[in-house]
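Understanding the architecture of this molecule
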Amino acid sequence: EDLLHLGLLATSAICCRVTPIQKAAVVAMFQRLGHAAIAVGDGANDVSMIQEGTVGIGIMGLEGSQAELASDYAIPKFRHLVRLVAVHGRYCLVRNAVLIQYSFYKNMVLALTQVFYAFQNGFSGQTLFDSWTMTVFNILFTALMPLILGIFEKDVPEELIEGNPRLFRDLSQGQGFRPVTLGFWGLASVLHAVCIHYLISATFPQSDTKAGHTAGIWTEGSITMTAVIVVALAKSALVTRTWTWIPAMGLLLSLLAYIVFELIYSAFPIFFGSGNYYAVGPALFGDVKFYLWSVFAGVGMLMPDLATMYAQRQFRPTYRQVVQSAHAQRQKGQPCNRVSAPPSISEDGHLPIAVHL
């Protein structure tokens, strides 16, 4: 216990002539307090320590390949550790945070519209959406954007991360994934589900199709599903910070997949024992009111989100947003204030957090 308290007070320590088991014990000692530990080694005597750490990193060297085989990540040189942790590790945290929260969001919007519809039908158990559309919602209609966010998302350029260590520190303290951010995503899903269901249900009873026939429950369900998909995809566009042809293509393919599925599914009188959607697709896509609902869902319902994001960025920006703005102004050739490192971090970006074993 004395060694633990002393280690917490020190910024760096050197443990001499320790056995492999003792190396692992030092790592486990700090992890008992809930800290994440990175164990870095280059030889067979470091295997126990590498396996004990939250993340084990092996350095390819002249002492054999045992360390890299036992590690989670292997790097050629020790100097590559900064980039592995500060750049790739940070990007991984950003991508996982957005991916998890967005996945919860889009599924909550889909589920809550069903919940609110239950109040309308007297909790009879009648579903608003066809079973096949709900089945392919996550595997076809909204599958690409979470995948793209989880692989290609970059909130700031790589060169800015290495020069601003605070960008790593803020995220390590839970800035991107904490109860507050989860609460905002949950609140957004509830508000969007309320707007989608009650605005459509309020205008739908007086609606008829282009041919003059009164629309039924599956037509209303198809319109609601379209609104859910449009809102979910538009929300993914709002949280995307790196715009290239990849997310643009993902949005386009997702919308195209939904349109093609609707047309093909509604073309069969019986589709795997279900005939609910027969002739629904052509009737919808030929009606101008369907496009008005879709545009209003995608634009109107996300205006509060856009206004909130704008106000937060203008009046209470995070350090990451300050760095983003400074970088954008610098690229445009406009003068900008230098973003300085916090007092606890040196100007050269060195973080005194190492324990040498």
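Residues numbered from 1 in each chain as written. Predicted model: local features only at pLDDT ≥ 70, side-chain atom pairs only at ≥ 80, totals over all residues. Heavy atoms only, no water.

Our focus in this paragraph is the confidence of the model for the protein chain. Per-residue confidence for the protein chain gives a mean pLDDT of 83, with 89% of residues at or over 70. Within the protein chain, helix α8 (residues 144-152) carries the highest mean pLDDT (93), whereas strand β5 (residues 355-356) carries the lowest (44). (pLDDT = per-residue confidence, 0-100. Helix = DSSP H or I, 4+ residues; strand = E, 2+ residues; numbered from the N terminus.)

Here the focus is the pattern of salt bridges. For the coordinates displayed, the defined rule picks out seven salt bridges. R83 is paired through a salt bridge with E158; the nearest N and O atoms lie 2.4 Å apart. Of this pair, R83 sits in helix α5 (residues 81-120) while E158 sits in helix α9 (residues 158-163); the two residues are 75 residues apart in sequence, bridging distant segments of the chain. For E158, a relative accessible area of 21% corresponds to the partly exposed category. Residue R320 is joined to D155 by a salt bridge in which the shortest nitrogen-to-oxygen separation is 3.2 Å. With a gap of 165 residues between them, R320 in helix α17 (residues 319-331) and D155 in the loop between α8 and α9 connect regions that are remote in the sequence. Note on accessibility: R320 and D155 belong to one class, buried. Ionic contacts of the salt-bridge type, sharing partners, join the residues R83, K154 and E158 into one network. (Salt bridge = Lys/Arg side-chain N within 4 Å of Asp/Glu carboxyl O. Buried < 20%, exposed > 50% of the residue type's maximum accessible area, 1.4 Å probe, protein only.)

Moving on to the side chain of E262. Structurally, E262 can be placed in helix α13 (residues 245-265). In this structure E262 touches T133, S222, Y277, G281 and F285, once residues within four positions along its chain are discounted. (Contact = heavy atoms within 4.5 Å.)

Two numbers describe how α5 lies on helix α11 (residues 179-203): the axes approach to 8 Å, and their chain directions differ by 40 degrees. Compared by their axis directions, α5 and α11 come out oblique. Relative to α11, the crossing made by α5 is right-handed. Taken together, the residues of the contact of α5 with α11 sort by class into 15 nonpolar, nine polar and no charged. (Axes fitted to C-alpha atoms, helices over the stretch in contact; angles between N-to-C directions. Parallel < 35°, antiparallel > 145°, perpendicular 65-115°, else oblique. Left-handed = near helix turned anticlockwise from the far one by under 90°. Nonpolar A, V, L, I, M, F, W, Y, C, P; charged D, E, K, R; others polar.)

Take the nonpolar core next. Core analysis: the largest hydrophobic core is formed by 43 residues, its most contacted members being Y105, F137, F141, I196, M225, I229 and V231. At the level of elements, α5, α7 (137-141), α8, α11, α12 (217-239), α13, α14 (280-285) and α15 (288-300) are the ones that each hand at least two residues to this core. At 11 residues, α12 tops the list of elements feeding residues into this core. What I196 contacts, discounting residues up to four positions off in sequence, is V109, T113, T224, A227, V228, V231 and M301. One finds A86, L160, I161 and Y319 within the second-largest nonpolar core, a separate group that totals nine residues. (Core = buried A, V, L, I, M, F, W, Y, C linked by side-chain atoms within 4.5 Å.)

Our focus in this paragraph is the pairing of strand β3 (residues 55-59). Most of β3 is tucked away: four of the five residues are buried. Sheet topology places strand β2 (residues 38-41) next to β3; four bridges connect them, and they run parallel. Each residue of the ladder has a partner; that of V40, found in β3, is I57. Assessed by its sense of winding, the connection that carries the chain from β2 through helix α3 (residues 47-52) to β3 is right-handed. Here β3 runs beside strand β4 (residues 73-75); their pairing, made up of three bridges, is parallel. (Pairing = 2+ DSSP bridges. Right-handed = clockwise from strand over helix to strand, strands pointing away.)

This part covers the layout of surface pockets. A volume near 1,500 Å³ is recorded for the second largest pocket. Along the wall of the second largest pocket there are 42 residues; nearest its centre are F184, R241, M309, Q312 and Q321. Take the lining of the second largest pocket: its biggest share by element is nine residues, from α11. In the lining of the second largest pocket, the residues fall into 20 nonpolar, 13 polar and nine charged. (1 Å grid on protein atoms, 1.4 Å probe; cavity = no way out; pocket = protein on both sides within 12 Å on 5 of 7 lines; lining within 4 Å. Points joined across faces, edges and corners; volume = space filled by probe spheres on them.)

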